[in-house]
Amino acid sequence: MSLKPKIEAIIYAAETPVTLEQIVQLVKESAGIADGTQLRNQVMLAIEELRAEYSADAHGIEMRQIAGGYRMSTKPEQHDLVRSFAKSLKPPIRLSLQALETLAVIAYKQPVTVPEISEIRGVDASGVIATLLDRKLITTSGRKDVIGRPILYKTTKEFLLRFGLKDVNELPSMEEFEKLVAESFQSDLLPGEASQAQDAPANVVPDRPDPSQIETSKTA
């Protein structure tokens, strides 16, 4: 594979400008060029070729040199259109840790009732169900044929869209899901819960469900 697609992917994925030296280091092992100076020159040549290609009218974005590095940006003539599009986007969903845990139980055991969720989590889950329903991440799925006929809940198409899944069969293992939540839950916490999360041990999700208690079901 040539350097151009590698460099293009790096710059496209970067949130901040990527310097020439960073790019050289990232492609060094796969480039097959032992000489450092030659590799640097090849990277610079590839960048300039990419910049020339993206400068064509056929592209709505361009590769710009900003703050000592390179990044992808929309072209000035597309700013109004992109601004209108950005305003139409749904705001990011911010869920409490309790809501994330409840959503995980529903995703892996659906369809499931509130009492079953509460039993798995060890705490009352009824309070966050309304939040998940309001965010359209879960929906009702009939009633369970037992005494009291409690409501069953399952995940929705919106859930798949938000988590980038084709269907529930693409859900990661419970252990992988717990790891993802453990690494990211502090940024997803609502303001009132941040201080509580700071007291939790590193890489541990407080009150997280025991994977052994969750009988995985792929029923959509």
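Residues numbered from 1 in each chain as written. Predicted model: local features only at pLDDT ≥ 70, side-chain atom pairs only at ≥ 80, totals over all residues. Heavy atoms only, no water.

> How would you summarise the overall build of the protein chain if you had to cite specific residues and measurements?
Within the protein chain, the regular secondary structure consists of 10 helices and five strands. Within the protein chain, the proportion of its 220 residues that are buried is 34%. Long-range pairs, those at least 24 residues apart, make up 54% of the contacts in the protein chain with a sequence separation of at least 6. Roughly 13,400 Å² of accessible area belongs to the protein chain as shown, and the carbon and sulfur atoms make up 52% of that amount. (Helix = DSSP H or I, 4+ residues; strand = E, 2+ residues; numbered from the N terminus. Buried < 20%, exposed > 50% of the residue type's maximum accessible area, 1.4 Å probe, protein only. Contact = heavy atoms within 4.5 Å. Areas by Shrake-Rupley, 256 points an atom, 1.4 Å probe, with all protein chains shown as cover.)

> Can you explain the nonpolar core? Please cite residues and give values.
Formed by 27 residues in total, the largest nonpolar core has its most connected members in Ile 106, Leu 132 and Phe 159. Mapped onto this core, the elements with two or more residues apiece are helix H5 (97-109), helix H6 (114-121), helix H7 (126-134), helix H8 (157-163) and helix H9 (174-188). Core analysis: the second largest hydrophobic core is formed by 18 residues, Val 24, Ile 33, Val 43 and Tyr 54 among them. (Core = buried A, V, L, I, M, F, W, Y, C linked by side-chain atoms within 4.5 Å.)

> Summarise the sheet that holds strand S3 (residues 112-113); cite the residues concerned and give the values.
Judged by pairing direction, the sheet is antiparallel, and its three strands sit side by side in the order S3-S5-S4 without closing on themselves. Two strands close off the open sheet at either side, each with one partner strand: S3 and strand S4 (138-143). Summarising the sheet, S3 and strand S5 (residues 151-155) pair through two bridges and their orientation is antiparallel. Counted as the bridge partner of Thr 113 is Leu 152 from S5. Packing against the sheet, H7 makes contact with S4 and S5, and its axis sits at approximately 115 degrees to S4. (Pairing = 2+ DSSP bridges. Axes fitted to C-alpha atoms, helices over the stretch in contact; angles between N-to-C directions.)

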